[in-house]
Amino acid sequence: MTDTPGTLTIGAFARASHLSLKALRLYDDLGLLRPVWVDPASGYRHYAAEQLEVARLIGLLRTVEMPLADIRALLSAPHSEWASRVEAHWAGADALHRQRAAVARHLSCTLRGDPMTRTHDVQTRTVPAQTVLTLQRRVLLPELSAFIGSAMDRLHAEVNAQNAEVTGPPVVIYHGEVNADSDGPVEVCLPCAGPVQPTGDFTLREEASHAEAFVTVRKADFEYHELMTAYDAVDRYARAHGVRTGLPVREVYPYNWDAAGPDDPAGEVACPYTPNAG
């Protein structure tokens, strides 16, 4: 296989770009990096020297594990957007890495049988029957935070648009595990009163009055391991002082998350239960 004047064979291009032949064939098939010419007789791919810059960029983007679909979108976007797209990808990857590190820490502590790192002050309250407007979606771990924030904004906007009243803080309920393989679902709820009607993907439901055991969680402790100790603390309290109801444990957000500092209260973990008589 020889070079065509002005082009590089796929072998020469692979050596110059530090990409494998397999990767180059894949990028061609996906439309990420097309050869400038394919020999109709042999099927050999030929590349222009000017394509080396893009090839090396793709290699670097794959090094930081940017998905191929996102690379295609980046290459199709104006060059002025490329840097911001890389920054957005890395912010998401960094957040996911920190979530996974927290899960790994929780697993290590749990499997070693380490005691809980924080003693939680469990309190109780009675939550009256309430109407909640909800958004529910199946999401994997990387999309979780964005979905919760977006859902809270949409719920507040919908209640306001219907001239109704928000009567309590947002609540997040996990109806299933959320990780790299399991997608929940996750339900975000907003208590409300007034002429609210479910529209689009919004759901309206009634939640019965119930007692709750709850703990307040600092913003710094909203990472997997510390949050799981809060879940464990309220579950243990509820079982020791009564019977768990059919309502799942939930996260409640009565505080201004954005304004909270690391040591400020940012949310609560609450466990519905039926207290022992007397």
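As recorded in an unreviewed UniProt entry, the protein chain goes by DNA-binding transcriptional regulator, MerR family and comes from Deinococcus reticulitermitis.

> Looking at this structure, how should I read the domain arrangement of the protein chain?
When the parts of a complex come together, some accessible area is lost, and that lost area is often taken as the interface size. Taken as a whole, the protein chain is organised into domain 1 (7-76), domain 2 (79-114) and domain 3 (123-275). Centre-to-centre separation of domain 2 and domain 3, based on C-alpha positions: 23 Å. Taken together, the seven residues of domain 2 in the interface contact eight residues of domain 3. When domain 2 packs against domain 3, close to 770 Å² is buried across both sides, 65% of that on carbon and sulfur atoms. Summed over the three residues of domain 2 that lose the most area to domain 3, namely Gln-99, Arg-105 and His-106, the buried surface amounts to 54% of that side. Between the two partners, domain 2 and domain 3, sit zero salt bridges.

> How do you make sense of the nonpolar core when you look at a structure like this?
Proteins that are soluble and globular tend to have nonpolar side chains buried together. One finds Val-188 and Val-269 to be the most contacted residues of the largest nonpolar core, which totals 38 residues. For this core, the secondary-structure elements that each account for two or more residues are β5 (130-137), α6 (141-161), β8 (186-193), β10 (210-218), α7 (224-241) and β13 (265-275). Setting aside anything within four residues of it in sequence, one finds Val-188 in contact with Leu-133, Thr-134, Leu-135, Phe-147, Ile-148, Ala-151, Met-152, Leu-155, Val-171 and Val-172.

> I keep staring at the packing of helix α3 (residues 52-63) against helix α4 (residues 68-76) and nothing clicks. Help me out?
When two helices pack together, their arrangement is given by the angle between their axes and by how far apart the axes lie. Interaxial distance between α3 and α4 falls to 10 Å at its minimum, and their mutual angle equals 140°. As the angle between them shows, α3 and α4 are arranged oblique. By crossing handedness, the relation of α3 to α4 is classed as right-handed. Between α3, through Val-54, Leu-57, Ile-58, Leu-61 and Arg-62, and α4, the contact on the second element is made entirely by Leu-68, Ile-71, Leu-74 and Leu-75. For the contact of α3 with α4, the class distribution of residues is eight nonpolar, no polar and one charged.

> What should I look at first to understand the pattern of salt bridges in this one?
Opposite charge on two side chains allows them to pair when their charged atoms are near. Scanning the entire structure with this criterion turns up 15 salt bridges. Here Glu-81 ties to Arg-85 by a salt bridge, and the two come within 3.3 Å at their closest N and O atoms. Look at Glu-81 and you get partly exposed, because its relative accessible area is 31%. For Arg-85, a relative accessible area of 32% gives the class partly exposed. Across the pair Asp-201 and Arg-154 runs a salt bridge, and its minimum N-O distance is 2.8 Å. Here Asp-201 is found in the loop between β8 and β9 (203-207), whereas its partner Arg-154 is found in helix α6, with 47 residues between them in sequence. Residues joined by salt bridges that share partners form a network here, namely Glu-187, Arg-205, Glu-207 and Arg-250.

Each value, and the rule that gives it
Residues numbered from 1 in each chain as written. Predicted model: local features only at pLDDT ≥ 70, side-chain atom pairs only at ≥ 80, totals over all residues. Heavy atoms only, no water. Domains from an automatic or database assignment. Contact = heavy atoms within 4.5 Å. Buried area = accessible area lost by both parts, 1.4 Å probe. Salt bridge = Lys/Arg side-chain N within 4 Å of Asp/Glu carboxyl O. Core = buried A, V, L, I, M, F, W, Y, C linked by side-chain atoms within 4.5 Å. Buried < 20%, exposed > 50% of the residue type's maximum accessible area, 1.4 Å probe, protein only. Helix = DSSP H or I, 4+ residues; strand = E, 2+ residues; numbered from the N terminus. Axes fitted to C-alpha atoms, helices over the stretch in contact; angles between N-to-C directions. Parallel < 35°, antiparallel > 145°, perpendicular 65-115°, else oblique. Left-handed = near helix turned anticlockwise from the far one by under 90°. Nonpolar A, V, L, I, M, F, W, Y, C, P; charged D, E, K, R; others polar.

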